[in-house]
Amino acid sequence: MSAAVRITSSYYLVLAAVLFTVGAVGLLVRRNTIVMFMCIELMLNAANLTFVAFADALDDISGQVIVFFTLVVAAAEVAVGLALIVAIFRRRQDVTADDVSMLGG
Amino acid sequence: MDARDLLHLAWVIPALPAAGAVVLLLAGRRIGEPRAGWLATTMMGLAFLASFVAFLALRSLPGEARVDVAANVSQGYTWMKVGGLSVDFRFLVDPLSSTMTLFITGVGTLIHAYAIGYMHGDARFSRFFAYLNLFAASMLVLVLGSGFVTTFMGWEGVGLCSYLLISFWFERESAAVAGKKAFVTNRIGDVGFLLAMFLIFRNLGSLGYGSLERAADLPGSTVTAIALLLFVGAVGKSAQFPLHIWLPDAMEGPTPVSALIHAATMVTAGVFLVARAHPFFEASAHAGTVVAWVGAFTALFAATVAIVQNDIKRVLAWSTVSQLGYMFLAAGIGAYTAAIFLMVVHAFFKALLFLGAGSVIHGLHEEQDMRRMGRLRALMPITAATFIIGWLAIAGVVPFAGFWAKDEVLAQAWFRGDYALWAVGLVGALFTAFYMTRQVMLVFFGNDRRDPEVHAHESPWIMLAPLGALAGLSLVGGAINLPFTTAGLDFLAHWLEPVFEGVPEPHASSFAQGFLLSTVALTVAVGGILIAVSVYRRGLSDPERDPVAERLGPLARVLENAYFVDAGIARLVSGPLSAFARFLAGPVDRDVVDGTVNAVGESTARLSGLVRRLQTGLVRNYALVVVLGAVLILLYVVVRATF
Amino acid sequence: MEAVIFLVCAAAVLTGAFGVILARNPVHSALFLLMTLVGIAVLYLQLAAALVAAIQIVVYASAIVVLFLFVITLLGVDRLEPAESTVSTRRLQTPVAVVLGVLFVAGIIALAGDTWATGARSVRGRLGPARDGNVETLARVLFTDFVWAFEITAVLLVIAVIGGVVLARRSGRRETTAGEAGA
């Protein structure tokens with residue numbers, strides 16, 4: 001089984017794009033806040049994938065360094081975000097985003 | 001300090017009563033009665049002295065120099081300079097304005113003194129004198145102004161003071177209404193004055209009186225327009241038909257007000273204006289005719305109304321309207337000197353008559369209906385005596401002042417060939433003699449119809465002294481302009497000659513002609529007196545039934561209501577105007593204008609309501625919008641990359 | 001060989017992604033997420049980013065996913081989410097989101113068809129062969145050129161920790177007080 005197709009960086013980019021879109025659509029469609037968070041993680045990963053793909057394509061380590069930082073920030077964000085969700089939804093049984101619309105006009 | 005320097009200080013004349021007014025307005029209550037009255041009177045007296053000094057200074061100049069407009073203006077300042085318009089606030093002393101200031105301040109001082117007695121005990125004593133002084137200051141600004149704008153300032157000022165003083169006892173609704181009526185009617189005339197000023201500026205480039213000499217250069221239609229518009233203003237201010245309606249109602253004001261404003265001074269402002277702006281009237285072919293006929297018509301019209309009036313002041317009010325008509329008659333035909341002469345002597349005897357009437361009213365404790373008077377000669381001898389002198393003056397009996405003046409007016413009409421005007425004036429003189437005699441008979445002679453509760457008494461000396469002074473003036477006032485021209489006794493005519501240069505002054509072709517005309521006038525006057533005496537010799541047997549009114553039948557009612565002019569104006573003018581105003585206030589203002597503004601506000605609110613729905617508070621919606629934006633940017637990039 | 005790996009991993013990634021957004025049970029979503037993350041880690045390996053792959057597994061795939069599962073069980077939200085939104089006017093949301101998603105992908109793919117590489121090379125450091133993992137290069141660049149960012153992210157982590165503790169603790173304390181008062 002020889003590789004008749006050469007996997008260029010474009011493939012990775014398209015994959016990342018699709019992954020990003022899936023995450024974005026999921027963020028818009030799902031109402032469960034935790035699942036919405038997971039969709040955010042999908043989007044972040046798509047971005048990371050793009051960076052690494054470019055690092056490979058441009059033969060520059062900077063892309064990976066950025067991914068490094070993105071990972072750190074994502075971790076921090078998840079920690080704080082989940083803490084927030086816990087704080088807000090502690091007393092509720094359902095965790096739908098639609099229930100929280102107090103800032104609406 | 002030479003004469004010219006004195007003239008430059010002419011601003012002192014109006015400044016004195018103005019200062020009095022300011023002091024009394026600010027501190028009047030503290031100054032109190034009667035010192036406030038004496039302060040005001042003193043100011044007027046000082047103004048009279050200043051006027052006399054100015055008169056002497058002017059007299060010391062040679063004839064031509066007296067009308068040097070550029071040199072004789074007082075100190076002052078440039079009030080406004082806008083574009084091509086430059087308006088100075090300065091005063092001009094020339095023979096005409098000097099004459100005016102003399103009798104305004106002279107008669108004014110006497111009336112101020114009288115008012116100290118008349119207004120005794122009034123709650124707003126000081127305020128009254130503040131207004132009187134303010135009026136005097138405005139009137140002086142009017143006559144002394146060096147240009148149309150300054151005169152107009154005084155014009156408006158006297159209108160304001162007239163309103164304030166007519167409605168002085170504003171607790172009475174009729175007084176408040178009368179004040180408003182006077183002001184509004186005046187204002188209608190003022191529109192004419194303003195329009196005339198616009199035209200004057202447009203055509204002559206300046207609103208100072210110095211520009212009048214160029215009036216003859218303007219096209220005929222322009223001068224006629226200017227003249228007629230100025231006359232409209234005069235009609236309003238001097239209560240000529242059809243804007244005469246405010247003067248009889250103005251009798252609601254205290255009698256000193258009636259005497260000063262509505263007899264001696266303010267109402268003469270219209271005649272003064274015509275005299276001042278005479279170049280326009282001379283240059284126009286027909287404006288003068290209009291003025292003369294309006295005056296003549298008003299003179300006759302008002303005289304007929306006066307014969308059936310029962311209120312002592314109303315008779316005098318209609319009489320004033322009538323006499324003003326004579327003045328306009330004279331001014332219209334170009335006999336300006338005659339008009340001014342009549343104005344001056346009219347100030348004397350009409351003020352006298354009004355003050356006398358005020359004395360009667362005061363003595364009878366506010367009774368004003370002549371049907372409830374009678375036989376007061378014995379109880380109020382001094383009032384009666386002075387009143388009789390005033391009566392003889394206005395009726396035109398020799399040698400009292402009114403005879404010479406009225407005779408001069410009629411004679412001038414004859415000399416200029418206006419025989420129709422002469423005839424109208426003569427008929428008016430007949431009526432004048434009749435109704436004034438009727439008044440004297442009903443008040444001082446005949447039978448005693450007084451309310452038994454009322455105890456009549458003579459007035460205090462402070463009121464009688466001015467009466468005496470005015471009586472004296474009414475007696476000898478004719479001497480300022482006797483028609484014996486060859487003997488040079490027509491002082492006033494000579495004095496005013498430089499002002500009215502270029503205006504023809506016809507005289508009697510012979511002494512016999514003049515004598516004959518005077519005799520005719522005198523006969524008519526005496527005839528009117530005799531008729532009235534015979535009718536009212538015994539007073540009224542029944543107070544409710546006046547013999548003349550009986551004779552006239554239904555016509556009497558027409559005359560009593562002044563030919564229903566007031567009602568006519570209400571139906572034809574005020575009615576539709578009010579309806580129009582209501583229409584504008586209702587459908588137009590409320591619905592259209594306010595509606596538009598409200599609609600703007602409402603649509604904004606509605607729009608914001610719509611936009612507000614974007615703020616759902618739901619995170620997912622906001623995220624949707626973010627993604628939408630990202631997609632749009634992306635599409636933009638793609639499109640740019642493709643094309 | 002590379003193509004096969006890519007295909008398999010891509011399939012895993014996308015399956016996981018769709019699984020995350022389509023699974024009705026949040027726990028299932030978390031597991032699908034795990035699948036995606038692992039797939040991406042393998043792709044990193046393919047792209048000569050071994051250290052990043054390792055970190056991905058350690059931080060993302062384990063720590064973060066486990067954190068998600070903790071919270072899900074803590075809040076008891078493993079119950080199924082209602083099919084319809086509680087807010088009636090949000091019915092347009094899903095179709096619009098899908099449309100936007102399609103547009104987005106289409107746009108990206110349209111752009112991705114072109115050549116991307118600008119030709120710039122080796123600004124920071126060259127990548128080594130995939131086997132080495134580029135640890136040295138990464139470390140060198142990180143601690144020299146990016147040291148400032150490195151320190152700040154350290155601070156960020158501290159803040160995040162404190163924040164998390166404070167947020168989660170406060171409501172907890174209130175509840176216990178109320179419980180004690182009631183008892």
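Every value quoted in this text rests on a predicted model; they were computed, and no experiment measured them.

## Digging into the overall build of chain B
Okay, so step 1: The helix and strand tally for chain B stands at 25 helices and 2 strands.
Okay, so step 2: Look at the contacts in chain B between residues 6 or more apart in sequence, and 81% of them connect residues 24 or more apart.

## Section: the interface of chain A and chain C
Okay, so step 1: Counting from both sides, the interface comprises 69 residues of chain A and, opposite them, 81 residues of chain C.
Okay, so step 2: Breaking the side of chain A that touches chain C down by element, the ones donating at least two residues are α1 (9-29), α2 (33-58) and α3 (62-89) of chain A.
Okay, so step 3: The biggest single contributor to the side of chain A that touches chain C is α3 of chain A, with 21 residues.
Okay, so step 4: Considered class by class, the residues forming the side of chain A that touches chain C number 49 nonpolar, 11 polar and 9 charged.

## Some thoughts on helix α4 (residues 95-118) of chain B
Okay, so step 1: For α4 of chain B, which comprises 24 residues, the first-to-last C-alpha distance of 34 Å matches the rise-based estimate of 34 Å (1.5 Å per residue) to within 8%.
Okay, so step 2: Counting buried residues in α4 of chain B gives 23 out of 24 residues, a clear majority hidden from the surface.

## Re the pairing of strand β1 (residues 77-82) of chain B
Consecutive side chains of a regular strand alternate in pointing toward one face of the sheet and then the other.
All names here are of chain B.
Okay, so step 1: For β1, the buried fraction is low: 0 of the 6 residues fall into the buried class.
Okay, so step 2: Strand direction decides the pairing type here: β1 and strand β2 (residues 85-89), joined by 5 bridges, are antiparallel. Bridge pairing links Val82 to Leu85 in β2.
Okay, so step 3: Counting the residues in the hairpin turn of β1 and β2 gives 2 residues, including Gly83, whose phi is positive at 60°.

## Observations regarding the interface of chain C and chain B
Okay, so step 1: Contacts between chain C and chain B engage 10 residues on the former and 11 residues on the latter.
Okay, so step 2: In terms of residue class, the side of chain C that touches chain B is built from 8 nonpolar, 2 polar and no charged.

## Examining the environment of Val443 of chain B
All names here are of chain B.
Okay, so step 1: Tracing the backbone shows Val443 in helix α18 (residues 419-444).
Okay, so step 2: A count of 26 C-beta atoms within 10 Å places Val443 in the buried class.
Okay, so step 3: Considered as a pair, Val443 and Arg377 are 66 residues apart in the sequence and their alpha carbons are 8.2 Å apart.
Okay, so step 4: The contacts of Val443, once residues within four sequence positions are left out, are Ile312, Val360, Met370, Met373 and Leu376.

## Concerning the nonpolar core
Okay, so step 1: With 220 residues, the main nonpolar core has Leu230, Ala339 and Ala351 of chain B as its most contacted residues.
Okay, so step 2: In terms of residue count, the dominant contributor to this core is helix α15 (residues 336-363) of chain B (19 residues).

## Let's talk about unusual backbone geometry
Residue and element names in this part refer to chain B.
Okay, so step 1: The step from Phe241 to Pro242 runs through a cis peptide bond, and the omega angle for that step is 0°.
Okay, so step 2: Checked against the element boundaries, Pro242 lands in the loop between α8 (220-237) and α9 (246-249).
Okay, so step 3: A cis geometry characterises the amide bond from Val398 onward to Pro399, with omega recorded as -5°.
Okay, so step 4: Of note, Pro399 is situated in the loop between α16 (381-395) and α17 (401-415).
Okay, so step 5: For Ala239, which is not a glycine, the phi torsion comes out positive at approximately 55°.
Okay, so step 6: On the secondary structure map, Ala239 appears in the loop between α8 and α9.
Okay, so step 7: The phi dihedral of Arg375 is positive, around 60°, even though this residue is not glycine.

## A closer look at the packing of helix α10 (residues 255-264) of chain B against α15 of chain B
A pair of packed helices is characterised by two quantities: the angle between their axes and the separation of those axes.
All names here are of chain B.
Okay, so step 1: Running from N to C, α10 and α15 cross one another at 160°; their axes reach a closest spacing of 9 Å. Relative to α15, α10 is oriented roughly antiparallel. The hand of the α10/α15 crossing is right-handed. Facing Thr255, Pro256, Ser258, Ala259, Ala263 and Ala264 of α10, the residues of α15 in contact are Ala347, Lys350, Ala351, Phe354, Leu355, Ala357, Gly358 and Ile361.

Cut-offs and rules
- Every chain's residues receive numbers from 1 upward, in the order its sequence appears when written.
- Whichever chain is written first becomes A and whichever ligand is written first becomes 1, with later ones labelled in order.
- Residue-level local features of this predicted model are given only where pLDDT is at least 70; pairs of side-chain atoms are given and counted only at 80 or more, and the full residue set underlies all totals for whole chains, interfaces and linings.
- Labels follow the DSSP assignment, with helices taken as runs of H or I lasting at least four residues and strands as runs of E lasting at least two, numbered in each case from the N terminus.
- Residues are defined as contacting one another if the C-beta atoms placed from their backbone atoms lie within 7 Å.
- For this scheme, ten residues count as nonpolar: Ala, Val, Leu, Ile, Met, Phe, Trp, Tyr, Cys and Pro. Four count as charged, namely Asp, Glu, Lys and Arg, and the remainder, Gly too, count as polar.
- Given a helix with a known number of residues, its expected span is that number minus one, times 1.5 Å.
- Counts of 20 or more other C-beta atoms within 10 Å of a residue's own C-beta define buried residues, counts of 12 or fewer define exposed ones, and intermediate counts define partly exposed ones; C-beta atoms are placed from the backbone.
- Paired strands are those between which DSSP finds at least two bridges.
- For this entry, the nonpolar core is defined as buried Ala, Val, Leu, Ile, Met, Phe, Trp, Tyr and Cys residues connected by C-beta atoms within 7 Å.
- The convention used is that axes are lines fitted to C-alpha atoms, helices contributing only their stretch in contact, and that angles between N-to-C directions extend from 0 to 180 degrees.
- Should an angle lie under 35 degrees it is considered roughly parallel, over 145 roughly antiparallel, and from 65 to 115 roughly perpendicular; all remaining angles are considered oblique.
- Note: crossing handedness is left-handed where the near helix turns anticlockwise from the far helix by less than a right angle, and right-handed where it turns clockwise.

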